Amino acid sequence: DQQVKQNSPSLSVQEGRISILNCDYTNSMFDYFLWYKKYPAEGPTFLISISSIKDKNEDGRFTVFLNKSAKHLSLHIVPSQPGDSAVYFCAASPTGTASKLTFGTGTRLQVTL
Amino acid sequence: DAGVTQSPTHLIKTRGQQVTLRCSPKSGHDTVSWYQQALGQGPQFIFQYYEEEERQRGNFPDRFSGHQFPNYSSELNVNALLLGDSALYLCASSPYLLLAGGPRDGKETQYFGPGTRLLVL
């Protein structure tokens, strides 16, 4: 039972354009959502998060949008840079267990010149 | 400031053997979580330790056990290895505040180590 789903295994975007990565979840108990970036041979690195009381959180080039009614969140990267090429994981945690994360299967983003 | 460190980086074992993986948390962190990442999948939560006790556990069999030491470092032990245990094992550390459901503004989150890649033949 995949509670966090990233249906696009890969995405290719030109440098300077917007990258949009999507994530869907099924568990209504999730109330905190995070995006991690992972380079080969490294552990996941925290990128940005959002609490269920918000519908948008922005940090520099990265913005996360949350649609609770649709159980959907997305990560926007503007403008995309070649260094953004990595695997992006969406993760979620339920109320009261902030550090037990459930991850999606990841989306490999390639930013081309 | 050293981040989360894990050892060894790579390990090859045969079916039925036992393995111990080690993790040192980021400075100032007292909670350690372990995740298993199979090829092509996202990390899956195994368990979490705080104050030398297992506090939460994911859907993993008893063959997976752990330990936390007074200096907050942790070990993951896997007995009777199966081929399906081949994976990247990630350790993550966080401050207790997260465990208690404290402020979650993105600044306090889990930091992951580089992982130990285990191959079971």
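Above this text sits the structure in question.
Cut-offs and rules
Residues numbered from 1 in each chain as written. Chains lettered and ligands numbered in written order. Predicted model: local features only at pLDDT ≥ 70, side-chain atom pairs only at ≥ 80, totals over all residues. Heavy atoms only, no water. Patch = residues over 30% accessible without salt bridge, like charges linked within 9 Å, V, L, I, M, F, W, Y side chains within 5 Å. Areas by Shrake-Rupley, 256 points an atom, 1.4 Å probe, with all protein chains shown as cover. Salt bridge = Lys/Arg side-chain N within 4 Å of Asp/Glu carboxyl O. Helix = DSSP H or I, 4+ residues; strand = E, 2+ residues; numbered from the N terminus. Buried < 20%, exposed > 50% of the residue type's maximum accessible area, 1.4 Å probe, protein only. Pairing = 2+ DSSP bridges. Axes fitted to C-alpha atoms, helices over the stretch in contact; angles between N-to-C directions. Core = buried A, V, L, I, M, F, W, Y, C linked by side-chain atoms within 4.5 Å. Contact = heavy atoms within 4.5 Å.

Draft legend 1. Highlighting a nonpolar patch on the surface. Residues and elements named next belong to chain A. Together, Ile-18, Ile-20 and Val-78 line one region of the surface with nonpolar side chains, adding up to about 220 Å² of accessible area. For Ile-20, the location among the structural elements is in strand E3 (residues 19-25). Residue Ile-20 is classed as partly exposed on the basis of its relative accessible area, which comes to 36%.

Draft legend 2. Up close: the sheet that holds strand E7 (residues 64-68) of chain B. All names here are of chain B. Strand order in the open sheet formed by four strands is E1-E3-E8-E7, and the pairing between neighbours is antiparallel. The two strands at the open ends of the sheet, each matched to only one other strand, are strand E1 (5-7) and E7. With strand direction ignored, the average angle separating the axes of adjacent strands in the sheet is 20°. Here E1 pairs with strand E3 (residues 19-24) via three bridges, running antiparallel. Residue Ser-7 lies in a different strand from E3, and its bridge partner there is Arg-22.

Draft legend 3. Highlighting the nonpolar core. Counting 23 residues, the largest nonpolar core has A:Phe33, A:Trp35, A:Leu73, A:Leu75 and A:Tyr88 as the members making the most contacts within it. For this core, the element with the most residues is strand E9 (residues 86-94) of chain A, which contributes four residues. Excluding its chain neighbours within four sequence positions, the residues that come into contact with A:Phe33 are A:Tyr25, A:Ile48, A:Ser49, A:Ile50, A:Leu66, A:Leu73, A:Ala91 and A:Ala92. In this structure, B:Val4, B:Trp34, B:Leu76 and B:Val78 belong to the second largest nonpolar core, which totals 20 residues.

Purely geometric stuff here, so don't read any function into it on its own.
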